[in-house]
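# A structural walkthrough
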Amino acid sequence: MASAPEKVSVADHGSIWSASTPGGPVCPPLAGAATTDTVVIGAGFTGLSTALSLRKAGIDVVVVEAAEPGWGASGRNNGQVIPTLSRPDPDDIEARHGEAGERFVALLRDCAATLFDMAREYGIDAEAEQTGWVQPVHTPGRIRISERRVAQWSKRGAPVELLDRAQVRSMLGSEAWHGGFWNRTGGHINPLALARGLAHAAVLAGARIHGQTPALDYSRQGDRWVVRTPSGEVRARALVLATNAYTGEFSASLAPRIARELVPILSWQMATQVLSDDVRASVIPGRQAMSDTHGDLYFARFDARNRLITGGAILAPFDRRERLKRMIAERLGRLWPQIGEVRFDHVWNGYVGMTDDFMPRFHRLGPDAFAWAGCNGRAVGLAVALGAEFAKAVQGVPDRELAMPFTEPAPLPLHAVVRRVAPLMLLRYRRLDRAEI
Ligand SMILES: Cc1cc2nc3c(=O)[nH]c(=O)nc-3n(C[C@H](O)[C@H](O)[C@H](O)COP(=O)(O)OP(=O)(O)OC[C@H]3O[C@@H](n4cnc5c(N)ncnc54)[C@H](O)[C@@H]3O)c2cc1C
């Protein structure tokens, strides 16, 4: 057997979430052989929500996690709960995937509400604020994006509304935007608190979660799936691969075709100092979550202690933290001059799994085995909502009832090269951001 892995901890993130969130449940590493009905690889929102749904149905489940629950994207994101994809709209999704696409759109429409309901159901203190999610437009012409989204989502029963310039000004406390749209079911959470809360709930419900237990690979042996780890193995009837943008991080042989169908891009997150009550009352006074229409995205929300949680993208790989601090302080000063001097107490990052068309990918890996990947930076709500779908899938619910449009894994040609050059897309986005549509 291979030697024991080094401990990989959320504390290494340096995020505001790891500094301010109570610990998760004890998740001992797997030692020896385990058998179960369903093995889940990865303890982010997807894996934990799947485990919880399975336990709710009385099904035995073992989760193996390379680090600890919430170590991946789930514990270090901006915490915006957004019931849309980043680019594809409902018409695009349904045109591509037909009836499965329609079911997926319905899941997406409801995913923010599903997340907030679940936090309430399990009594998870995730600093949840269902204040709505707003997407303001950064040029006048882009109001067409909002109009299109409002039209498509209202047709499908989502509680969305078009906002004019004055409404956005009073909602965000800023002159910077030209209108937009909002969805009342969105909002924000402390994502690490939610991940740890889901882990606590899953353990309490009888799930076995093994931390510091990287899956090296999985294979089919007879009628079982076998997941190999450095100091043991799990044999199971069904399998869910929930490693998303971190699929290649701990074992190159885990699922190389899935790892290579997306490009992990670093997304930087930052937390300001606690802002004064006066500033708080005039910057996003209704405490909505906000991400705008820039390709080089502008995004912000308050946390429970009134820090503004924001961030940005940066290209050249030198002195990134200090350069980001200067760049984002200048940006915040432009958006909200009333903020005054800004200090960043926390700067951290994480991988967002991008696909070439901004669509997530869903896969059947074999009998009773499923995976998804490609969150494109917008799947806090979606990942939580998908747990119930994966739980149904492993119980044999037919494809025609699942909200997952399955495709075959399609690795990107020259993935290593694409991964190297993909960050340069930022230059293109910045150029497009300056253009009116
Ligand atoms: C910086 C950042 C900001 C973001 N902001 C937002 C936002 O505001 N709103 C939004 O909607 N979305 C956002 N996202 C996206 C969102 O965080 C993700 O879509 C979501 O958390 C995905 O959850 P997951 O459970 O599928 O994957 P993850 O949370 O990444 O979980 C995968 C888990 O698999 C584990 N793993 C990997 N390999 C192995 C292995 N070999 N064996 C065992 N375990 C393994 C990892 O350790 C990890 O814990 C952001 C993402 C990032 C990185």
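Above this text sits the structure in question.
Before going into details, it helps to say that this report is about the structure given with it. Treat the numbers as computed from the prediction; the structure is a model and nothing was measured.

Turning next to a positive patch on the surface. A grouping of Arg87, Arg428, Arg431 and Arg434 is seen on the molecular surface, where their side chains present a positively charged patch. Looking at the secondary structure, you find Arg431 in helix 12 (residues 425-434).

Pairing in this open sheet of 8 strands is mixed, and the strands run 5-6-4-13-14-15-12-16 from one edge to the other. The open sheet has two edge strands, strand 5 (160-163) and strand 16 (344-354), and neither has a second partner. Across the sheet, the mean angle separating the axes of adjacent strands is 20° when strand polarity is ignored. Pairing between strand 4 (residues 133-136) and strand 6 (residues 180-183): 4 bridges, direction antiparallel.

Turning to the state of the cysteines, a few remarks are in order. Under the defined criterion, the tally for this structure stands at 0 disulfides. The thiol of Cys111 is unpaired, and the distance to the nearest cysteine sulfur, on Cys375, comes to 12 Å. Overall, Cys375 belongs to the buried group, its relative accessible area being 15%.

The next point concerns the pairing of strand 17 (residues 361-366). Alignment of strand 17 against strand 18 (residues 369-373), held across 5 bridges, turns out to be antiparallel. Counted as the bridge partner of His363 is Ala371 from strand 18. Between the end of strand 17 and the start of strand 18, which pair antiparallel, lie 2 residues, with Asp368 showing a positive phi angle near 55°.

This next bit is on the nonpolar core. In terms of nonpolar packing, the biggest core is built from 67 residues, with Phe45, Leu194, Leu198, Trp372 and Leu382 touching the most fellow members. Where this core is concerned, the elements lending two or more residues are helix 2 (45-56), strand 2 (61-64), helix 3 (90-121), helix 4 (143-155), helix 6 (191-204), strand 11 (232-241), strand 18 and helix 10 (380-394). Take this core: its biggest share by element is 11 residues, from helix 3. Beyond its immediate sequence surroundings of up to four residues, Leu194 is in contact with Phe45, Leu115, Ala119, Ile124, Ala126, Ile189 and Val384. Listed in part, the 28 residues of the second largest apolar core include Leu275, Tyr298, Phe302 and Ile328.

What follows concerns the environment of Pro83. Here Pro83 shows up in the loop between strand 3 (80-81) and helix 3. Classification of Pro83 by relative accessible area gives buried; the value is 0%. C-alpha of Pro83 to C-alpha of Val384: the two residues are 301 residues apart in sequence and 11 Å apart in space. Excluding residues that lie within four positions of it along the chain, Pro83 makes contacts with Leu108, Arg109, Cys111, Ala112, Trp153, Asn183, Thr185 and Gly186.

Position of Val81 among the secondary structure elements: in strand 3. With 208 residues separating them in the primary sequence, Val81 and Ala289 have C-alpha atoms 7.7 Å apart. The residues touching Val81, leaving out its near neighbours within four places in the chain, are Ala112, Leu115, Phe116, Trp133, Gly186, Gly187, His188, Ile189, Val380 and Gly381.

Cut-offs used in this document
Residues numbered from 1 in each chain as written. Predicted model: local features only at pLDDT ≥ 70, side-chain atom pairs only at ≥ 80, totals over all residues. Heavy atoms only, no water. Patch = residues over 30% accessible without salt bridge, like charges linked within 9 Å, V, L, I, M, F, W, Y side chains within 5 Å. Areas by Shrake-Rupley, 256 points an atom, 1.4 Å probe, with all protein chains shown as cover. Salt bridge = Lys/Arg side-chain N within 4 Å of Asp/Glu carboxyl O. Lys, Arg positive; Asp, Glu negative; His and termini not counted. Charge placed at Lys NZ, Arg CZ, Asp CG, Glu CD. Helix = DSSP H or I, 4+ residues; strand = E, 2+ residues; numbered from the N terminus. Pairing = 2+ DSSP bridges. Axes fitted to C-alpha atoms, helices over the stretch in contact; angles between N-to-C directions. Disulfide = S-S within 2.5 Å. Buried < 20%, exposed > 50% of the residue type's maximum accessible area, 1.4 Å probe, protein only. Core = buried A, V, L, I, M, F, W, Y, C linked by side-chain atoms within 4.5 Å. Contact = heavy atoms within 4.5 Å.

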